[in-house]
Amino acid sequence: MTAYANFPGSRPRRLRTTPTMRRMVAETRLDPANLILPAFVREGIDAPVAVSAMPGVHQHTLDTLRKAAVEAVEAGVSGIMLFGVPEDGKKDARGTAGTDPDGILQVALRAVREEVGDELVVMSDLCLDEFTDHGHCGVLDADGRVDNDATLERYAEMAQVQADAGAHVVGPSGMMDGQVGVIRDALDQTGHEDVSILAYTVKYSSAFYGPFREAVGSSLTGDRKTYQQDPANARESLRELALDLAEGADMVMVKPAGPYLDILAKVAESVGVPVAAYQISGEYAMIEAAAEKGWIDRDKAILESLTGIRRAGAQMILTYWATEAARWLGRGRG
């Protein structure tokens, strides 16, 4: 027995005694409003196509995309980020389907805005990789390298057609130097001053993107290491952040989320604009696969992973579980 009758005087466990107590003193709140649903829409299909590496995720038809948007609204999700998957025959070296007003992504944007109006923040991936026959995020020069400045011209065109189609927010994800500034100018010069830019400010060259490439029907050969960030680097992220803010980013993103929570925390501590994080396909696939094996509790793992991202500083989380998790949270399971 200790000599101190009241030892230990401080007992943190007192604040963990019941579920209601734990909820009352929780430092981090996860809410449906924090969630954004990434969604894929594919041209030329008449029924959804399952993404084999991402159980529960599909390439949508326009009709099922509309339904998914309505379900997201009903669950309390704040936004939807759209990715277009064109027919293979429409891919070319310049990704012209990405700037065609009647291209699949623009058609999808109009369909979702028509369905849900302003009840969901409709976001659009602004990148060429889904639309190029080489699968890179930009146009290539004579030596087969991504031409940064020529790509910026294409991004300016994409910004205009996506805004014309109804995007509330464009998300430039290609990691080209100067992309935010060029896109801001293009939007402002075409009467789209109110369209926001969610900059993919910190986007690492990651092994966890694999399932996504199936989801968008990627034609990529090689890698994107010359324009996406090296996973070994941290200070570089803050340099990218400063550049994007100076160029007019309204919101900034860290991608992937889970493997880079340290970077997310640094970014969140450094800015006064909203911060997003993208829980990417590989993060999703790992939890789903482990749960399928019976190795982890799926639902608890999902909520724990989302809470960790929120705790690290993300106000917005792009996650393929957005609608499902939002329903849980709405029922008090968070």
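Everything that follows concerns the structure shown earlier in this document.
The rules behind the values
Residues numbered from 1 in each chain as written. Predicted model: local features only at pLDDT ≥ 70, side-chain atom pairs only at ≥ 80, totals over all residues. Heavy atoms only, no water. Helix = DSSP H or I, 4+ residues; strand = E, 2+ residues; numbered from the N terminus. Rg over C-alpha atoms; globule rule 2.2 N^0.38 Å. Buried < 20%, exposed > 50% of the residue type's maximum accessible area, 1.4 Å probe, protein only. Contact = heavy atoms within 4.5 Å. Areas by Shrake-Rupley, 256 points an atom, 1.4 Å probe, with all protein chains shown as cover. Polar contact = N/O pair within 3.5 Å; in protein donor to acceptor, adjacent residues only side chain to side chain. Phe/Tyr/Trp six-rings, centres within 6.5 Å; stacked < 30°, edge-to-face > 60°. Lys NZ or Arg CZ within 6 Å of the ring centre and 35° of its normal. Salt bridge = Lys/Arg side-chain N within 4 Å of Asp/Glu carboxyl O. Expected span 1.5 Å × (residues − 1). Arc of directions from axis to C-beta. Patch = residues over 30% accessible without salt bridge, like charges linked within 9 Å, V, L, I, M, F, W, Y side chains within 5 Å. Lys, Arg positive; Asp, Glu negative; His and termini not counted. Charge placed at Lys NZ, Arg CZ, Asp CG, Glu CD. Core = buried A, V, L, I, M, F, W, Y, C linked by side-chain atoms within 4.5 Å. Pairing = 2+ DSSP bridges. Right-handed = clockwise from strand over helix to strand, strands pointing away.

Draft legend 1. Up close: the overall build of the protein. When its secondary structure is counted, the protein shows eleven helices and ten strands. On C-alpha atoms alone, the protein measures out to a radius of gyration of 21 Å, which is about the 20 Å that the 2.2 N^0.38 rule sets for 334 residues. Along the first, second and third principal axes, the C-alpha atoms of the protein reach 80 × 45 × 40 Å. A burial count over the protein gives 50% of its 334 residues as buried. Taking the contacts inside the protein whose residues are at least 6 apart along the sequence as the reference set, 75% of them involve residues at least 24 apart. Counting only carbon and sulfur atoms, one obtains 49% of the accessible surface of the protein, whose full area is about 15,400 Å².

Draft legend 2. Spotlight on the environment of Asp143. As for its placement among the helices and strands, Asp143 is situated in the loop between strand E5 (121–126) and helix H4 (148–165). Since its relative accessible area comes to 61%, Asp143 is described here as exposed. A distance of 3.2 Å separates a polar atom in the side chain of Asp143 from a polar atom in the side chain of Arg145.

Draft legend 3. The packing of aromatic side chains, seen in detail. Scanning all chains against the criterion turns up six aromatic pairs. Arranged with centres 5.9 Å apart and planes meeting at 20°, the rings of Phe40 and Tyr320 form a pair that is stacked. Taken together, the residues span a long stretch of sequence, with Phe40 in strand E1 (residues 35–42) and Tyr320 in the loop between strand E10 (316–318) and helix H11 (322–330) at a distance of 280 residues. Exposure remark for Phe40: the relative accessible area of 1% places this residue in the buried category. Stacked on the ring of Tyr209, the Lys or Arg Lys203 has its end atom at 6.0 Å from the ring centre.

Draft legend 4. Main features of the side chain of Gln229. Tracing the sequence through the fold places Gln229 in the loop between helix H6 (210–215) and helix H7 (235–247). Contacts of Gln229, omitting those with residues within four sequence positions, involve Met175, Thr201, Val202, Lys203, Tyr204, Ser205, Glu236, Ser237 and Glu240.

Draft legend 5. Region of the structure containing the pattern of salt bridges. Counting across every chain of the model gives 15 salt bridges. Glu43 is the partner of Lys90 in a salt bridge, and the nearest nitrogen-oxygen pair spans 2.6 Å. In this pair, Lys90 sits in the loop between strand E4 (79–85) and helix H3 (104–116) while Glu43 sits in the loop between E1 and strand E2 (49–50), placing the two residues 47 residues apart along the sequence. Taking the relative accessible area as the measure of exposure, Lys90 reaches 40% and is therefore partly exposed. When its relative accessible area of 16% is taken as the criterion, Glu43 is described as buried.

Draft legend 6. Quick peek at unusual backbone geometry. For the bond from Lys255 to Pro256, the omega torsion is -5°, close enough to zero to count as cis. If you trace the backbone, Pro256 turns up in the loop between strand E8 (251–255) and helix H8 (261–270). Positive phi values are uncommon outside glycine, yet Met175 reaches one of about 60°. Tracing the sequence through the fold places Met175 in the loop between strand E6 (169–172) and helix H5 (179–189).

Draft legend 7. Region of the structure containing helix H2 (residues 62–75). Taking 1.5 Å per residue, 14 residues should reach 20 Å; H2 reaches 20 Å between its end C-alpha atoms and fits that length. Turning to H2, its buried residues number three or more, namely Leu65, Ala68, Ala69, Ala72 and Ala75. Within H2, the buried residues cover an arc of 130° as seen down the axis, which keeps them to one side. Along H2, the residues that are exposed and aim more than 90 degrees away from the buried face are Asp63, Lys67 and Glu74.

Draft legend 8. Highlighting a positive patch on the surface. A surface patch of positive charge is lined by Arg11, Arg13, Arg14 and Arg16. In this structure, Arg11 sits in the segment before helix H1 (19–25). Residue classification places Arg11 among the partly exposed positions, given a relative accessible area of 42%.

Draft legend 9. Quick look at the nonpolar core. If you look at the biggest cluster of nonpolar residues, it comprises 96 residues, and the most contacted ones within it are Ile80, Leu82, Tyr155 and Tyr278. Setting aside anything within four residues of it in sequence, one finds Ile80 in contact with Ile36, Leu37, Ala39, Leu65, Ala69, Val112, Leu120, Val121, Val122 and Met123.

Draft legend 10. Focus on the pairing of strand E7 (residues 196–203). Extensive coverage of E7 is indicated by the burial of seven of its eight residues. As defined by bridge partners, E6 adjoins E7 across two bridges and the pair is classed as parallel. Each residue of the ladder has a partner; that of Val170, found in E7, is Ile197. Read as a crossover between parallel neighbours, the route from E6 over H5 to E7 is right-handed. The pairing of E7 with E8 spans four bridges and is parallel. Within E8, the position partnered with Lys203 by the bridge is Lys255.

Draft legend 11. Just the environment of Ile183, in detail. Examined against the element boundaries, Ile183 turns out to sit in helix H5. In this view, Ile183 contacts Leu126, Tyr155, Ala159, Val170, Pro172 and Ile197; residues no more than four positions away in its chain are not counted.

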